[in-house]
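Structure assessment
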Amino acid sequence: MYTKEQKKIILYTREKVRELFKNHPVPAHNFDHVARVASWAVKVAKAEKANIFLCEMAGLLHDVGRTVKMERGEDVGHHELSYRICRKWFKEDLVLSSGLNKAEKIELLYGVRYHNNDYADKYLSAVILRDADKMDMFGKKGIVRIYQMYKTNKDKIEFDLRLHYHSLYFIKTKAARKIVKKKKMVDVIDGELKKLKVGKIKKIEI
């Protein structure tokens, strides 16, 4: 699937990102999330006949900016911070600067910078990254992540669950949509939202 050099870069990047999140933990967006997004990206890339190497790399790199945002309270969006960190790594990290060519760096930076922009479709790898990131919002893992973020704030949990349907609308690849449907990943979201909504229904009195 990968050349010897690409495999080396993947393993190196995975450990580099893992160490970053270990030192700067982020609720609901930890390394486990990153690893799942990378895994989903590989599955979708295979089905879509896309560049698997770039899709996995994008999955590993897309949220590194969250560590800076969490640590320093930066006002810039995490996607922009991820872009800035990756640019720095691509220039200063010996493995990444020499192992990736210019075109690969540009494509990865585009995907990372715009992984929250559903209209940034210049590269298929960027579309697949966004689909993979959205896929981790659904299913049981998606529910766990919501409660990690909002704890017992039911209003915020409900609002976030409702936003999942917006994200579902923007899943663009056939492969990602097929996986979500086959695994019934939306059903879990439906059930949780229904439970919260039904719990708010009170007896009407005159």
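Presented here is an overview of the structure given in this document. Every value quoted in this text rests on a predicted model; they were computed, and no experiment measured them.

1. Some details on the overall build of the protein
Along the protein, the regular secondary structure elements total 12 helices and zero strands. Here the protein has a C-alpha radius of gyration of 18 Å; the compact-globule value for 206 residues is 17 Å, and the two agree. Projecting the C-alpha coordinates of the protein onto the three principal axes gives extents of approximately 75 × 40 × 25 Å. Counting over 206 residues, the protein shows a buried share of 49%. For the protein, the proportion of contacts with a sequence separation of at least 24, taken over those separated by at least 6, is 64%. For the protein, the exposed surface amounts to about 11,800 Å²; the carbon and sulfur share of it is 55%. Between the centroid of the 45 positive side chains of the protein and the centroid of its 27 negative side chains there is a distance of 4 Å.

2. Thoughts on the environment of E74
Its place among the elements puts E74 in the loop between helix 4 (65-72) and helix 5 (78-92). A C-alpha to C-alpha distance of 27 Å links E74 and S125, two positions 51 residues apart in sequence. In contact with E74, other than residues within four places in its own chain, are V68, K69 and L81.

Definitions and limits used
- Numbering of residues starts from 1 in each chain and follows the order in which that chain's sequence is written.
- Predicted model: local features are reported for residues with pLDDT of at least 70 only, side-chain atom pairs are reported and counted for 80 or more only, and whole-chain, interface and lining totals are derived from all residues.
- Remark: hydrogens and water are excluded; side-chain values derive from all non-hydrogen atoms of the structure.
- A run of H or I in DSSP becomes a helix once it reaches four residues, and a run of E becomes a strand once it reaches two; helices and strands are each numbered from the N terminus.
- For this measure, only C-alpha atoms enter the radius of gyration; the expected value for a globule follows 2.2 Å times N^0.38, where N is the number of residues.
- Think of it in three bands: with a 1.4 Å probe and only protein chains considered, a residue is buried below 20% of the maximum accessible area for its type, exposed above 50%, and partly exposed in between.
- The criterion used for residue contact is that any of the two residues' heavy atoms lie within 4.5 Å.
- Residue burial considers only the protein chains on display, and all accessible areas are found by Shrake-Rupley using a 1.4 Å probe.
- Here the positive residues are Lys and Arg and the negative ones are Asp and Glu; neither His nor the chain ends is included.
- Think of each charge as sitting on NZ of Lys, CZ of Arg, CG of Asp or CD of Glu.

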